[in-house]
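Architecture and fold: a report
Each chain is listed here by its residues.
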Amino acid sequence: MKKLYPAIPLLVLVLLVGSWGVHHFAQHRLEAGIADFRASIGPNATFSYATARPRTLARGAHFTAVTYHNPAMTLIAADVRLGGLTGNNVQGEKIGSIVLRDVKIMTQTSSISLDEVDLHNLVLPNTDRASADSSRPLGFDSLVLDQGTFTNMHLAIPASQTDVTVAHMTVDQYGMGRASHLDLDRLATQINLTPTRRISVDHIKIDGPDFASEVASLIQSGHLIHESHPHTMDLRKVEIDSTHPMLQIDHVATSSFSTATEDKMDTTLSNFMLWSTGTDNQTILNAFGYDHFNGNIHINSTSDRSAGRVHLEPMTIESADMGNLTVVAELDQIPFDDMAIIPETARIVSAAMTWEDHSLAAHVLAGLAKSRDTDPEIYRQNLLASLASSDDASLRAMGRFLQSPQDHPLQIALRPMKPVNLMMLGVALSMAGDPSVAAPLGLTISTP
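Source: prediction; values computed, not measured.

1. What to know about the environment of Leu395
With respect to the secondary-structure elements, Leu395 resides in helix H7 (residues 393–403). The sequence separation of Leu395 and Thr444 amounts to 49 residues, and the corresponding C-alpha distance is 8.9 Å.

2. Regarding the nonpolar core
One finds Phe63, Val80, Ile98 and Leu100 to be the most contacted residues of the largest nonpolar core, which totals 80 residues. Apart from the residues within four sequence positions on either side, Val80 is in contact with Ala61, His62, Phe63, Val66, Ile98, Val99 and Leu100.

3. With respect to H7
All of the buried residues along H7 are Ser394, Ala397, Gly399, Phe401 and Leu402. The inward-facing, buried residues of H7 abut strand E17 (347–357), helix H5 (360–371), helix H6 (376–388), strand E18 (410–414) and strand E20 (443–446). Between the side-chain oxygen at the start of H7 and the backbone nitrogen of Ser394 there is a gap of 2.7 Å, and the oxygen is on Asp392.

4. Section: unusual backbone geometry
Omega for the peptide link from Thr194 to Pro195 comes to -5 degrees, which places this bond in the cis form. Checked against the element boundaries, Pro195 lands in the loop between strand E9 (181–191) and strand E10 (197–207). Put simply, Glu313 and Pro314 share a cis peptide bond, and its omega is -5 degrees. Position of Pro314 relative to the elements: it lies in strand E15 (residues 309–319). With a phi close to 50 degrees, Ala65 is a non-glycine residue in the positive phi region. As for its position among the elements, Ala65 is in strand E3 (residues 61–70). Among the residues examined, Ala65 registers a relative accessible area of 40% and is labelled partly exposed. Even without being a glycine, Asn271 presents a positive backbone phi close to 50 degrees. The residue Asn271 is located in strand E13 (residues 262–275) in this model.

What counts and how
Residues numbered from 1 in each chain as written. Predicted model: local features only at pLDDT ≥ 70, side-chain atom pairs only at ≥ 80, totals over all residues. Heavy atoms only, no water. Helix = DSSP H or I, 4+ residues; strand = E, 2+ residues; numbered from the N terminus. Core = buried A, V, L, I, M, F, W, Y, C linked by side-chain atoms within 4.5 Å. Buried < 20%, exposed > 50% of the residue type's maximum accessible area, 1.4 Å probe, protein only. Contact = heavy atoms within 4.5 Å. Polar contact = N/O pair within 3.5 Å; in protein donor to acceptor, adjacent residues only side chain to side chain.

Note that all results are geometric; they support no functional claim without further evidence.
This is the structure:
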C-alpha cells in the first residue's frame, strides 16, 4: 500500500492532462464544426451565439442565445443542446438529440414561438451548399426524424388575423416512405375578424400517413399525394363558436385505405351538434323551427380517383329529435385535387334515400304554412287532400307519409336520365310535383 501512495499524484496529473487534452480536442472540433456550418449556409445567412461548449468526446455541444437568420426567416433560441453527432455531408448529418428552449421563428408572414422543441434521431440530408445568391434550403420534405416533441406552440399570422396554439404535440417516424404518427393536445385557433371565430380540438391522433411525402407533394405541385398507407384519425371534442355556439362534435373517427386509383373511407361523427346562427341570419334550421341539430353521422364511401366518382354505401344520419336518414348514392365529376369546389362540379348519378321521421315532417309543414301566412292545420289538410287526389303514385305516397309520418318511412329513388348537379338537386326536388321535372329525374317516392 505504501508503494501506491507516490503513484497517486502521477495518476492525478495524467487525468488532468488527459482531461485537458480531451477538452482541447473537443473545443477544436466544435469550432471546426461551427465554421463548416457557417460556410454551408451561405453568405446571405448568419449564425451567432453567446456561448458554445463542447460535450463529451466532441459529439455534442451546448449553445446559449442562438440566432440563425436568412432572408426568409429568423430563428432565435435561448438554449440549444446537441448530442450524438455522427455522419457527414455525404451520408447525411445525424443528430442523436437536439433540445431547443424558448424558441422564436419569424418570417415575413408569420411568427412561431415554443417553450421547448425536443428532437430525437434527426437526419439532415445531404444537400447542395448555398450559393452566393441563395440560402441553404431547409428541406422539410427530406428530413428524417424518429420523434419530435413540441411544447406550448403559438403561431400568429397577422395578414389573416389568425392565432393558433398547441399545448403539446408529438410527431413520430417522419420521413419519405415512412408511416408517421401525430399526437396533439389542446389545439386552439382564433380568427380575429368580425365576427371572431374560435376553433378548438381537445385531442388529435393520426396514424399512418406519410407526412414527409405529403409535404414534398405540396412543395412540388401544390397538391397532396394519394398514398397507399392505411391510416386512421381520431379527434376528441371539436368545437367552433363565435358570439354563440356554432358546431360541436364529441368524437370523430376515420379510417381509410388507398390504392393507386381508389380510396375506401369509413367516418363516424358522434354527438354532432350544429346550431342555428339566429333569426337575423335565416338558416334551414330556423325556417323549420329548430334551434340546433343533434345526432350521429356515419359515412362509408369508396372513391375512384381515375373516374372522378364517389359511391356512398351508405351514409346514415340519426337524430333523436328529427329522424333517421339513410342514403346510398353514386356521384361523379368529383375534383379530388380541389375538394373545395365539389358543390360546383359534383353530380348525382343515382341515389336512394330512406327517411324515418320523428318530428321533421311536422316542422316542415309548419314552416311552409308560415311562409304562406296560412294556418298550419288548414295548410296541412289542403295539402293532404291535394296529394291524395293526385294521379301520380309518388305524390300519393308522399300524402300517406305526411298523414302519419311516424308510421310510414319515406323512400325516395333518384335515377336521372343524365347526372344532376349537386347544387341543383334542391331546386329539382322542389319542382318534383311537375311531371316534366320528375320524369327526367327518374324520381319515385314510396312508403313501404
